[in-house]
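# Structure assessment
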Amino acid sequence: MDWLFCDFHIHTTWSDGALSVAEVVELYGRTGFDVIAITDHVLDSGSLAAGEPHWSVPEERFGEYLHELWEAARLAWERWHMLLLPGMELTNNTSRYHILALDVKEFISPDLEVEPMLCEIRRQGAVSVACHPFVRNHSGESPSEHLWQHHERYASMFDAWEVANRDDLFNVVGLKKFNYIANSDFHEEKHLRSWKTLLRCDGNAEAVKQAIRTNAAVSLFLYRGGPLRGDGFPSPGMP
Ligand code: ZN
Ligand code: ZN
């Protein structure tokens, strides 16, 4: 069984990403990825009220968002044999936690507290990921600091933690033997060069989700450019 090249944390123009869903599929497909998840932000109501609405998928458009991802998933499979999981980044900037739901089926409110949110993710057959538990932005804020402050309590409640996010590698998550994956947190083309996940499993959604949950055949790799497959996809747009 081959290792699958995976990235489970990608933003598009549905929130604050620079590329459309179609452009993301084209970029990852021609590079040779096997599995991607598109995870646009859904922002908590307190932050929306404070005036950050431009980069959140609105609840009333969430169905439209999912439909676009289902259609893109079909095209990704037809054109590239690449699996696309519809996802979301539940972005609570009021209480400070960012949580990915992968293979999500319905809207989930980012206003939920962490434990009911994880229950809802599980109820939908989706996978939960604690995002960038250590990252600090340029103003020194840690957008997921709540998760790390309570990591002992939450450790095994999440299906996985991001042990790496883009250029940052969080060794403590690995040292504590949490389930882990690594993602690009893709917002623009240069973010393709970043930490990624390798999984050894069949290339279908249930097998990929189970591989994250069991976390046995998982590895990290730092993608530095060029086609991933030996037979080489044409990559006219690669920098
Ligand atoms: Zn985030
Ligand atoms: Zn993100």
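Reference entry: report on the structure contained in this document. (Residues numbered from 1 in each chain as written. Chains lettered and ligands numbered in written order. Predicted model: local features only at pLDDT ≥ 70, side-chain atom pairs only at ≥ 80, totals over all residues. Heavy atoms only, no water.)

Here we come to helix 8 (residues 205-214). Inspection of helix 8 places Ala207, Val208, Lys209, Ala211 and Ile212 among the buried residues, and these make up the whole buried set. Measuring from the backbone nitrogen of Glu206 back to the side-chain oxygen at the start of helix 8 gives 3.2 Å, which picks out Asn204 as the cap. Immediately beyond the C-terminal end of helix 8, within one or two residues, lies Asn215, with a positive phi of roughly 60°. (Buried < 20%, exposed > 50% of the residue type's maximum accessible area, 1.4 Å probe, protein only. Helix = DSSP H or I, 4+ residues; strand = E, 2+ residues; numbered from the N terminus. Polar contact = N/O pair within 3.5 Å; in protein donor to acceptor, adjacent residues only side chain to side chain.)

The subject of this paragraph is the pattern of salt bridges. Within this structure, the stated rule accounts for 12 salt bridges. Across the pair Glu145 and Arg96 runs a salt bridge, and its minimum N-O distance is 3.7 Å. Of this pair, Glu145 sits in helix 5 (residues 145-149) while Arg96 is found in the loop between strand 3 (83-92) and strand 4 (97-102), placing the two residues 49 residues apart along the sequence. Taking the relative accessible area as the measure of exposure, Glu145 reaches 29% and is therefore partly exposed. Look at Arg96 and you get partly exposed, because its relative accessible area is 22%. A salt bridge links Glu206 to Lys209; the nearest nitrogen and oxygen atoms lie 3.1 Å apart. With Glu206 and Lys209 both in helix 8, this residue pair falls 3 residues apart, about one helical turn. Among the residues examined, Lys209 registers a relative accessible area of 1% and is labelled buried. One network of salt bridges, in which partners are shared, links Asp103, Lys105, Glu206 and Lys209. (Salt bridge = Lys/Arg side-chain N within 4 Å of Asp/Glu carboxyl O.)

Here the focus is helix 4 (residues 114-123). Every buried residue belonging to helix 4 is among Val114, Met117, Leu118, Glu120 and Ile121, and all of these are buried. Across the axial projection of helix 4, the buried residues extend over an arc of 160°, all falling on one side. Turning to helix 4, the residues buried within the fold contact strand 3, strand 4, strand 5 (127-130), helix 5 and helix 6 (151-154). Remark: Gly125 follows helix 4 within two positions and exhibits a positive phi of approximately 75°. (Arc of directions from axis to C-beta. Contact = heavy atoms within 4.5 Å.)

Coordination of the zinc ion (ligand 2) by the protein involves His9 (NE2), His11 (NE2), Glu89 (OE) and Asp185 (OD), with metal-donor separations of 2.1 to 2.3 Å. Mapping the donors of the zinc ion (ligand 2) onto the primary sequence yields the spacing H-x1-H-x77-E-x95-D. Between the two metals, the zinc ion (ligand 2) and the zinc ion (ligand 1), the spacing is 3.6 Å, and Glu89 donates to both. With Glu89 in strand 3 and Asp185 in the loop between strand 8 (180-183) and strand 9 (195-200), this pair connects stretches of sequence that are 96 residues apart. Per residue, the accessibility class of Glu89 equals that of Asp185, and both read buried. (Donors = N, O, S within 2.8 Å, 3.2 Å for Na, K, Ca; no water.)

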